[in-house]
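# A closer look at the structure
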Amino acid sequence: RERGTAMNKIICVYHVSSQIIQQPVIGKGNPNNDYGLGFYCTESVELAKEWACSAEADGFANRYAFDLNGLSILSLTGGNYHILNWLYVLLNNRKFRIGGAVARQAKQYIDEHFAVEYKQYDVIKGYRADDSYFSFASAFLNNTISLQQLEKAMLLGKLGEQIVAISGKAFARFTFEEAIPAPCDMYYPKKLARDSKAREDFAKEKDRETVLSEKYVLDIIREEWGNEDERLQRIILG
């Protein structure tokens, strides 16, 4: 939910953890997360409860009021950006095992042509690359799925967007409200079911005959696509 007007925007977000976290601390966490070191949140309490659980342990969905007023926000799922910009950020933060000449060339091309100056922002909004989604990105790099299939894959499982505080200014904008328990016996099976459904739907999508009708990473490299390429925009909008 959101509280306030467009001029006074405060949103409700949830951060998942095995602990109660009343105040986010900048500089802590995993630097190899999707968008680097930051405080990762979601606006969905149900997704937060799923992400908070492991097979053996309960977790918490820590709820905050997040004041966005005056913060610079990069939305990688917004109209000014596309899936290859998101992939650039992911490739520069997550640990990819780049195997094979095609994947290596694809990573280099994406680095050179689809870069985003994401570190200058206070907040980043974008897809969450859990294990199944991470494998979809790897498949695209290895030329085994098309650009259109990658775009569709990111909507499978309905993981939605994550909201990540990057700067010290953004970290100071959280007001803790409560810690909602997430019992693993209830929410870990839901997490597995969501991931399994995403993989199942992706397998069906991958079986479509797309080699002659859709664009793969090798096509993008050979045809020298750029960040403002009209062909890319037609695919994203279509």
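Provided above is the structure to which this section pertains.
Analysis parameters
- Residues numbered from 1 in each chain as written.
- Predicted model: local features only at pLDDT ≥ 70, side-chain atom pairs only at ≥ 80, totals over all residues.
- Heavy atoms only, no water.
- Core = buried A, V, L, I, M, F, W, Y, C linked by side-chain atoms within 4.5 Å.
- Buried < 20%, exposed > 50% of the residue type's maximum accessible area, 1.4 Å probe, protein only.
- Helix = DSSP H or I, 4+ residues; strand = E, 2+ residues; numbered from the N terminus.
- Contact = heavy atoms within 4.5 Å.
- 1 Å grid on protein atoms, 1.4 Å probe; cavity = no way out; pocket = protein on both sides within 12 Å on 5 of 7 lines; lining within 4 Å.
- Points joined across faces, edges and corners; volume = space filled by probe spheres on them.
- Nonpolar A, V, L, I, M, F, W, Y, C, P; charged D, E, K, R; others polar.
- Pairing = 2+ DSSP bridges.
- Polar contact = N/O pair within 3.5 Å; in protein donor to acceptor, adjacent residues only side chain to side chain.

Counting residues in hydrophobic clusters, the biggest one holds 42 residues, and the most contacted among them are Leu84, Trp86, Leu87 and Phe140. When contributions to this core are tallied by element, the ones reaching two or more residues are helix H2 (83–91), helix H3 (101–113), strand S6 (123–127), helix H4 (131–141), helix H5 (147–153) and helix H8 (217–222). A total of eight residues in this core trace back to one element, the largest contributor, which is H2. Excluding anything up to four places from it in sequence, Leu87 contacts Ile110, Ala137, Phe140 and Leu141. In terms of nonpolar packing, the next biggest core, distinct from the first, is built from 15 residues, Ile21, Ala165, Ala170 and Phe171 among them.

Glancing now at empty space enclosed by the protein. One pass over the full model with this rule turns up one cavity of 30 Å³ or more. Its boundaries defined by the atoms lining it, the largest cavity holds a volume of some 30 Å³. What lines the largest cavity is Leu84, Ala106, Tyr109, Ile110, Phe114, Phe140, Val217, Ile220 and Ile221. Of all the elements in the fold, those that place two or more residues in the lining of the largest cavity are H3 and H8. Grouping the constituent residues of the lining of the largest cavity by class yields nine nonpolar, no polar and no charged.

What follows is about the pairing of strand S4 (residues 59–67). Consecutive side chains along a regular strand alternate between the two faces of the sheet. Burial runs high along S4: seven of the nine residues are buried. As paired strands, strand S2 (residues 10–17) and S4 are joined by eight bridges and run antiparallel to one another. Bridging across to S4, Tyr14 finds its partner in Arg63. As judged from the eight bridges shared by S4 and strand S8 (residues 174–182), these two strands associate in the antiparallel manner. By the bridge assignment, Ala61 is partnered in S8 with Ile180.

To continue, consider the environment of Ala165. Along the chain, Ala165 falls in strand S7 (residues 161–165). Spatially, the C-alpha atoms of Ala165 and Pro24 are 9.6 Å apart, while their sequence positions differ by 141 residues. Excluding anything up to four places from it in sequence, Ala165 contacts Gly38, Phe39, Phe66, Asp122, Ala170, Phe171 and Phe174.

One non-glycine residue, Asn143, lies in positive phi territory at about 70°. Phi at Glu224 is positive, roughly 60°, even though this residue is not glycine. Within the element layout of this structure, Glu224 appears in the loop between H8 and helix H9 (230–237). What makes Glu224 exposed here is its relative accessible area of 62%.

Turning our eyes to something else, we now look at the side chain of Gln149. Tracing the backbone through its elements, the reader meets Gln149 in helix H5. Owing to a relative accessible area of 1%, Gln149 belongs among the buried residues under this scheme. Polar contacts involving the side chain of Gln149 include one to the main-chain amide nitrogen of Ser146, which spans 2.9 Å. Discounting residues that sit within four places of it in the chain, Gln149 has contacts with Glu205, Lys206, Arg208, Thr210, Glu214 and Tyr216.

Everything listed here is a matter of geometry and, on its own, says nothing about what the molecule does.
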